[in-house]
Amino acid sequence: MGLVSGLLTLPLAPARGVGWLAEHVVEVGEREYYDPARIRAELQTLARALEEGEITPEEFDAEEDKLLDRLEEAQWRVSVSG
């Protein structure tokens, strides 16, 4: 970027910074959301809640389906990226 174009686009720098930050936050959030270890831990917590009577079998089934779908998506993301 040249000096003149750098000076002309200087007022846009905060917007570019906010855009970069938003993209980074989304990336980190998705990485955590689709972390297989985290999903497995959530499945264990869910099973424990069922065993202790904190949730009904129907609630368990619904949440388990969501977590298994997320785990499948996580594994797909790993196979596509690497």
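Residues numbered from 1 in each chain as written. Predicted model: local features only at pLDDT ≥ 70, side-chain atom pairs only at ≥ 80, totals over all residues. Heavy atoms only, no water.

**Student:** Teacher, can you tell me more about the overall build of the chain here?
**Tutor:** Secondary structure summary: the chain contains four helices and zero strands in total. Reading the helices (α) and strands (β) of the chain from amino to carboxyl end gives α-α-α-α. Counting the 82 residues in the chain, one finds 12% classified as buried. Sequence-distant contacts in the chain: of pairs separated by 6 or more residues, those separated by 24 or more amount to 55%. Accessible surface computed for the chain: about 6500 Å², of which carbon and sulfur atoms make up 60%. (Helix = DSSP H or I, 4+ residues; strand = E, 2+ residues; numbered from the N terminus. Buried < 20%, exposed > 50% of the residue type's maximum accessible area, 1.4 Å probe, protein only. Contact = heavy atoms within 4.5 Å. Areas by Shrake-Rupley, 256 points an atom, 1.4 Å probe, with all protein chains shown as cover.)

**Student:** Would you take a moment to explain the confidence of the model for the chain for this structure?
**Tutor:** Here the chain shows a mean pLDDT of 91. Residues at 70 or above account for 96%. Taking the mean pLDDT of every element in the chain, the minimum, 75, falls on helix H1 (residues 3–8) and the maximum, 97, on helix H3 (residues 36–51). (pLDDT = per-residue confidence, 0-100.)

**Student:** Would you take a moment to explain the packing of aromatic side chains for this structure?
**Tutor:** Each aromatic ring pair is summarised here by two numbers: the centre-to-centre distance and the angle between the ring planes. Under the defined criterion, the tally for this structure stands at one aromatic pair. Measuring from ring centre to ring centre gives 4.9 Å for tyrosine 33 and tyrosine 34, while their planes differ by 85 degrees; the resulting arrangement is edge-to-face. Residue tyrosine 33 is classed as partly exposed on the basis of its relative accessible area, which comes to 41%. When the ring centre of tyrosine 33 is taken as origin, the NZ or CZ atom of arginine 70, which lies over that ring, is 4.0 Å away. (Phe/Tyr/Trp six-rings, centres within 6.5 Å; stacked < 30°, edge-to-face > 60°. Lys NZ or Arg CZ within 6 Å of the ring centre and 35° of its normal.)

**Student:** How should a nonpolar patch on the surface be read in this particular structure?
**Tutor:** Residues Trp20, Leu21 and Val25 make up a contiguous nonpolar surface patch of roughly 340 Å² in combined accessible area. With respect to the helices and strands, the residue leucine 21 is situated in helix H2 (residues 13–33). (Patch = residues over 30% accessible without salt bridge, like charges linked within 9 Å, V, L, I, M, F, W, Y side chains within 5 Å. Salt bridge = Lys/Arg side-chain N within 4 Å of Asp/Glu carboxyl O.)

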